[in-house]
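# Tertiary structure, described
Listed here are the chains, written in short residue letters.
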Amino acid sequence: MPQQFRLSLDVIKFNEQGLVPAIIQDYLDGVVLMFAWMNRESLQKTLETGRTWFYSRSRQALWPKGETSGHVQWVRWWRYDCDHDALLIGVEQVGDIACHKGERSCFHLIDEPHAPAHLPPGDMVAQLYEVICQRRDQPQEGSYTSHLFTGGDNRILKKLGEETAELIMACKDREPEAIASECADVLYHTLVALAAYQVPWRAVLQELQRRRR
């Protein structure tokens with residue numbers, strides 16, 4: 001799980017209190033999980049251990065994420081901004097829970113401040129997959145996605161095959177706009193198939209990450 005990272009802490013510009021803000025993001029789908037502060041020591045421990053350590057301003061003490069809950073964050077990548085005074089850290093969140101309230105993300109919709117933090121995911125494909133799953137579980141009249149699910153395997157797989165053939169033809173004709181359009185259709189119908197067979201989009205991202213390694 002842990003990874004070692006090399007960094008000279010001298011490049012980081014800590015504020016007058018010796019702190020730097022850290023935004024924590026899911027390393028696969030880009031969901032912003034939480035915000036916290038780091039000081040030089042907690043950043044050093046994060047780099048050494050490969051898991052996130054933060055600084056509590058109220059307790060004036062270091063704390064490792066997941067110390068009591070077990071919801072550890074393993075660092076997969078990280079960046080600092082152009083002024084070197086803010087951090088963006090991509091993590092693998094154990095338990096898929098980052099918030100102390102037991103939710104995946106600490107961030108809520110502005111118009112629903114007391115509602116559970118039901119995403120949105122950080123990228124368009126993950127958002128689309130969530131909508132497709134909603135249409136699967138809560139069919140809506142007039143919804144094309146719901147129509148596909150009611151047709152079962154034959155309808156879902158037939159459309160996936162048709163769209164794949166259309167993408168091949170668009171590539172053969174070397175039409176960039178058509179290729180992009182047909183690729184979007186193939187991706188959409190692929191997501192429908194994933195949802196139909198209870199395979200999360202995240203599993204695909206994890207497989208791609210595994211292959212990259």
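Residues numbered from 1 in each chain as written. Predicted model: local features only at pLDDT ≥ 70, side-chain atom pairs only at ≥ 80, totals over all residues. Heavy atoms only, no water.

### Details of the pattern of salt bridges
Under the convention used in this document: One side-chain nitrogen of Lys or Arg within 4 Å of one carboxyl oxygen of Asp or Glu is enough to make a salt bridge. Counting from the N terminus, the helices are DSSP H or I runs at least four residues long and the strands are E runs at least two residues long. Three labels apply to residues, based on accessible area from a 1.4 Å probe with only protein chains included: buried if under 20% of the type maximum, exposed if over 50%, partly exposed otherwise in between.
This model, assessed by the stated rule, comprises 12 salt bridges. With a closest N to O distance of 2.9 Å, Asp10 and Arg40 form a salt bridge. Note that Asp10 is positioned in the segment before strand S1 (19-26) and Arg40 in helix H1 (residues 40-49), a separation of 30 residues in sequence. A relative accessible area of 62% means that Asp10 is categorised as exposed. Residue Lys159 is joined to Glu162 by a salt bridge in which the shortest nitrogen-to-oxygen separation is 3.4 Å. Taken together, the residues span about one helical turn, with Lys159 and Glu162 both in helix H4 (residues 152-172) at a distance of 3 residues.

### Quick look at the sheet that holds S1
Paired through their backbone hydrogen bonds, the strands of a sheet run either parallel or antiparallel. Definition in use: The pairing criterion for strands is at least two bridges between them, as found by DSSP. Throughout, an axis means a line fitted to C-alpha atoms (over the contacting stretch in the case of helices), and angles, computed between N-to-C directions, take values from 0 to 180 degrees.
Reading across from one edge, S2-S1-S6-S5 is the order of the 4 strands in this open sheet, with mixed pairing throughout. Two strands bound the open sheet, and with one partner strand each, they are strand S2 (32-39) and strand S5 (73-80). Sheet twist, expressed as the mean angle between neighbouring strand axes with direction ignored, is 30 degrees. Pairing of S1 with strand S6 (residues 87-93) involves 5 bridges; the strand directions are parallel. When the sheet's bridge partners are listed, Asp26 is paired in S6 with Val91.

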